[in-house]
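# Structure assessment
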Amino acid sequence: MTLRLDDITVTLGRDETRTTALDGLTASFRQGALTALVGPSGSGKSTVLAVSGALLRPDRGQVLLNDTDLAALSDGRRAHARRTRIGYMFQSGNLLTGLTAEEQLLAAASLSGHRPRALRGRARELLTEVGLGHRLRHRPDQLSGGERQRIALARALLVEPELLLIDEPTAAVDRTRADDLVRLIARTTHEHGCVTVVATHDPVVVEAADATIDMLDHAPAATA
Ligand code: ADP
Ligand code: MG
């Protein structure tokens, strides 16, 4: 499995907020490799993740997951790819209100076609690995931002996605926890052989990465 972005252009907003977030970006991401996506705030890192994860359709260009162009699929097939092939750890956490930490993982497993009961043990193991073994029954409103984001990581890892997309994993946690998360992400990538893309400012993540893509090398031409 590889991910290849081919000549991707994305325009966001309208009228006076209209912004070219990506302008003809071409980039490749290897299987079994953690690729760090670096660049200053506003350089389009989160937009790359949204396009790669079929959350945002580009104005132009192809998003090739192996030979499938995610950008060209119907909405229904894009939703199916999101549930079954792609794992997300975004800053918001994107958790479901009202479900406990453990239920967040089991609900995702069920949506991706697994039998949740079979994965209960693995779900607890992963929550423990991200440092939340003592928070299995907590709901999103009872957790900190960093804890919610770590649940999102455990949830993403449970279904062993082909593509793992992570936005600023170390921004909301202390250094020791951040180092543990980076190790877990790198180990999972190498063991499961997924394509992992991590948007980050953190030199520790860059150090642990197998490859780096600098958004400044792909910066859109300045727009009025
Ligand atoms: P990064 O993750 O590197 O900080 P983003 O991908 O979030 O960058 O944003 C890329 C650019 O697009 C930024 O200049 C940002 O201001 C702009 N942008 C993001 N979302 C919108 C939106 N909804 N409308 C208009 N511009 C946006
Ligand atoms: Mg961002």
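Every value quoted in this text rests on a predicted model; they were computed, and no experiment measured them.

### Looking at the nonpolar core
Formed by 37 residues in total, the largest nonpolar core has its most connected members in L105, L127, V130, I151, L153, L158 and I166. Elements with a contribution of two residues or more to this core: β3 (34-38), α3 (101-111), α4 (120-129), α5 (145-158), β7 (163-167) and α6 (175-192). Sort the elements by how many residues they give to this core and α5 lands first, with seven residues. Those residues in contact with L105 that sit more than four places away from it in its chain are A123, L127, I151, A154, R155 and L158. Residues L3, F29, L163 and V197 belong to the second largest nonpolar core, which totals 30 residues.

### Concerning the packing of aromatic side chains
Enumeration over the complete set of coordinates arrives at one aromatic pair. Between Y88 and F90 the ring centres are 5.5 Å apart and the planes differ by 70°, which places this aromatic pair in the edge-to-face class. For F90, a relative accessible area of 14% translates into the label buried.

### Concerning the packing of α3 against α5
Closest axis-to-axis distance for the α3/α5 pair is 9 Å, and the angle between their directions is 30°. Between α3 and α5, the angle is such that the two are roughly parallel. Relative to α5, the crossing made by α3 is right-handed. On α5, the residues touching A101, Q104, L105, A108 and A109 of α3 are I151, A154, R155 and L158.

### Thoughts on the pairing of strand β1 (residues 3-12)
Side-chain direction in a regular strand flips from residue to residue, so the side chains alternate between the two faces of the sheet. Taken together, the eight bridges between β1 and strand β2 (residues 19-29) define a ladder with antiparallel strand orientation. By the bridge assignment, R4 is partnered in β2 with S28. Hairpin connection between β1 and β2: a loop of six residues separates the two successive antiparallel strands, and G13 in this loop has a positive phi of roughly 70°. Where β1 lies against strand β4 (residues 60-65), five bridges are found, and the strand directions are antiparallel. When the sheet's bridge partners are listed, T9 is paired in β4 with R60.

### Observations concerning the pattern of salt bridges
For the structure shown, the criterion picks out 14 salt bridges. Residue R175 pairs with D179 through a salt bridge whose shortest N-O separation is 2.9 Å. Residue R175 and its partner D179 are located together in helix α6, separated by four residues, close to a single helical turn. For R175, a relative accessible area of 40% corresponds to the partly exposed category. A residue is classified by how much of its surface remains accessible, and D179, at 25% relative accessible area, is partly exposed. Two residues, R175 and D202, come together in a salt bridge whose shortest N-O distance is 3.0 Å.

### Digging into the packing of α4 against α5
Packing of α4 against α5 brings their axes to within 9 Å, and their N-to-C directions diverge by 140°. Viewed along their axes, α4 and α5 adopt a mutual orientation that is oblique. α4 and α5 meet at a crossing whose hand is right-handed. Residues R122, A123, L126 and L127 of α4 form the contact with α5, whose own contacting residues are I151, A154, L157 and L158. Classifying every residue of the contact of α4 with α5 by side-chain character gives seven nonpolar, no polar and one charged.

Scoring rules and cut-offs
- Residues numbered from 1 in each chain as written.
- Chains lettered and ligands numbered in written order.
- Predicted model: local features only at pLDDT ≥ 70, side-chain atom pairs only at ≥ 80, totals over all residues.
- Heavy atoms only, no water.
- Core = buried A, V, L, I, M, F, W, Y, C linked by side-chain atoms within 4.5 Å.
- Buried < 20%, exposed > 50% of the residue type's maximum accessible area, 1.4 Å probe, protein only.
- Helix = DSSP H or I, 4+ residues; strand = E, 2+ residues; numbered from the N terminus.
- Contact = heavy atoms within 4.5 Å.
- Phe/Tyr/Trp six-rings, centres within 6.5 Å; stacked < 30°, edge-to-face > 60°.
- Axes fitted to C-alpha atoms, helices over the stretch in contact; angles between N-to-C directions.
- Parallel < 35°, antiparallel > 145°, perpendicular 65-115°, else oblique.
- Left-handed = near helix turned anticlockwise from the far one by under 90°.
- Pairing = 2+ DSSP bridges.
- Salt bridge = Lys/Arg side-chain N within 4 Å of Asp/Glu carboxyl O.
- Nonpolar A, V, L, I, M, F, W, Y, C, P; charged D, E, K, R; others polar.

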